[in-house]
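# Per-entry structural report
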Amino acid sequence: MEIFLDTADISAITRAAAMGLVDGVTTNPSLMAKESGDPKEILARIADVVPGDVSAEVLSTDAAGMVAEGRELAAIAPNIIIKCPLTPDGLRAVRELAEHGIRVNVTLCFSLPQALFAAKAGAYIISPFVGRLDDIALTGMKLVEDIRQVYGNYGFDTKILVASIRNPLHVVEAARLGAHIATMPPKVLDLLIRHPLTDSGLEQFLRDWENARS
Ligand code: G3P
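Throughout, residues of each chain are indexed from 1 in the direction in which the sequence is written. A pLDDT threshold of at least 70 governs which residues receive local features in this predicted model, and a stricter bar of 80 or more applies before side-chain atom pairs are shown or counted, although totals over entire chains, interfaces and linings include all residues. For the side-chain quantities, the full set of heavy atoms in the structure was used; hydrogens and water were omitted.

Another aspect to go through is the state of the cysteines. Working definition: a disulfide is two cysteine sulfur atoms within 2.5 Å of each other. What the rule picks out here adds up to zero disulfides. Left unpaired, Cys84 is separated from the closest cysteine sulfur, that of Cys109, by 14 Å.

Following this line, the structure appears as structure tokens:
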């Protein structure tokens, strides 16, 4: 499973990328709004730091606007892909951008039929938002499981990117269900790497070594 960071924070991305842990990045308007500077420059820097796909989201809500914006954003770097919302106009834009050879991550997916339509429109990635479904007392991971099954039934090669990840268990479940990508805030990545038994075990090893030599 590919590991993406869900942030536009270049320092956090650079730190995690230096560990060789980050395959790609997802951004959205809320995340971009937290950063200062020119959005296109920020995206260019992110695209330079990570080896894989960097999702840049359109702000337009009409298909023509999304296509125009998508073409501009895709020109920033070869690994920039375009994020379009799962709306009727978004699906039209997906098809048109795909015809221009531009890969689209269809975002804000909350149901199986939405995921099916995105794949039929030619989506490169579908992003089910698991945390936001959990927030309204539904099971986000059940949607991931259903998408996996239905895409398998019909041979769609649209990648499943688990988004709106809030905790390490979401990542574990995404891997168990065979999602292609999990995108997570830097804090969740940290929680996944660290383990209290690793820290206490390491301390003990070093203490034993020092005690034996003193
Ligand atoms: O990738 C989509 C993600 O950023 C949404 O996460 O936590 O705002 O639901 P959240």
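Here the narrative resumes, following the displayed structure.
It is worth spelling out the site of the ligand at this point. For each residue, the test is whether any non-hydrogen atom lies within 4 Å of the molecule or strand; if one does, the residue is near. As a matter of local geometry, the ligand sits amid Asp6, Asn28, Lys83, Phe129, Arg132, Ala163, Ser164 and Arg166. Any N or O atom pair separated by 3.5 Å or less is treated as a polar contact, with the protein-specific requirement of one donor-capable and one acceptor-capable atom, and with residues adjacent in sequence counted only for side-chain atom pairs. Ser164 places a side-chain nitrogen or oxygen 2.6 Å from an oxygen atom of the ligand. Within the side chain of Arg166, a nitrogen or oxygen atom sits 2.9 Å from an oxygen atom of the ligand. Summarising the interface, the protein chains cover 83% of the accessible area of the ligand, which totals 310 Å² for the free molecule. Note on areas: these come from Shrake-Rupley sampling with a 1.4 Å probe, and a residue is covered only by the protein chains present in the view.

Definition of nonpolar core: a set of buried residues of the types Ala, Val, Leu, Ile, Met, Phe, Trp, Tyr and Cys, connected through side-chain atoms within 4.5 Å. Between buried and exposed lies partly exposed: a residue is buried under 20% and exposed over 50% of the maximum accessible area for its type, with that area taken using a 1.4 Å probe on protein chains only. Grouped together as the largest cluster of nonpolar side chains are 57 residues, with contacts concentrated most on Ile46, Cys84 and Ile126. To qualify as a helix, a DSSP run of H or I must reach at least 4 residues; to qualify as a strand, a run of E must reach at least 2; elements of each kind are numbered from the N terminus. Among the elements that make up this core, the one with the highest residue count is helix H8 (residues 140-154) (five residues). Here Cys84 is in contact with Val58, Met66, Gly90, Ala93, Val94, Leu97, Val104, Asn105, Val106 and Thr107, once residues within four sequence places are set aside. Residues Phe4, Ile125, Phe129 and Ala163 belong to the second largest nonpolar core, which totals eight residues. Contacts are assigned to residue pairs that have any heavy atoms within 4.5 Å of one another.

For the rest of this paragraph, the subject is the packing of aromatic side chains. Centres within 6.5 Å are what make two rings of Phe, Tyr or Trp a pair, Trp counting through its six-membered ring; a difference in plane orientation under 30 degrees is then read as stacked, over 60 as edge-to-face, and the rest as tilted. The final tally for this structure, using the stated rule, is two aromatic pairs. Between the aromatic rings of Phe110 and Phe129, the centroid separation amounts to 5.6 Å while the plane-to-plane angle is 65°, which identifies the pairing as edge-to-face. On the criterion of sequence distance, the pair formed by Phe110 in the loop between strand E5 (104-109) and helix H6 (112-121) and Phe129 in the loop between strand E6 (125-128) and helix H7 (130-135) is long-range, its members being 19 residues apart. Judged by relative accessible area, which is 32%, Phe110 ranks as partly exposed. Of the residues examined, Phe129 reaches a relative accessible area of 6% and is grouped as buried. Relative to Phe156, the ring of Tyr151 has its centre 5.6 Å away and its plane inclined at 65°; by these criteria the two rings are edge-to-face. Since its relative accessible area comes to 4%, Tyr151 is described here as buried. The class of Phe156 is partly exposed, set by a relative accessible area of 25%. The ring of Tyr124 is capped by Arg103, whose NZ or CZ atom sits 4.9 Å from the centre of that ring. Here, a charge over a ring means that NZ of Lys or CZ of Arg falls within 6 Å of the ring centre while also lying within 35 degrees of the ring normal.

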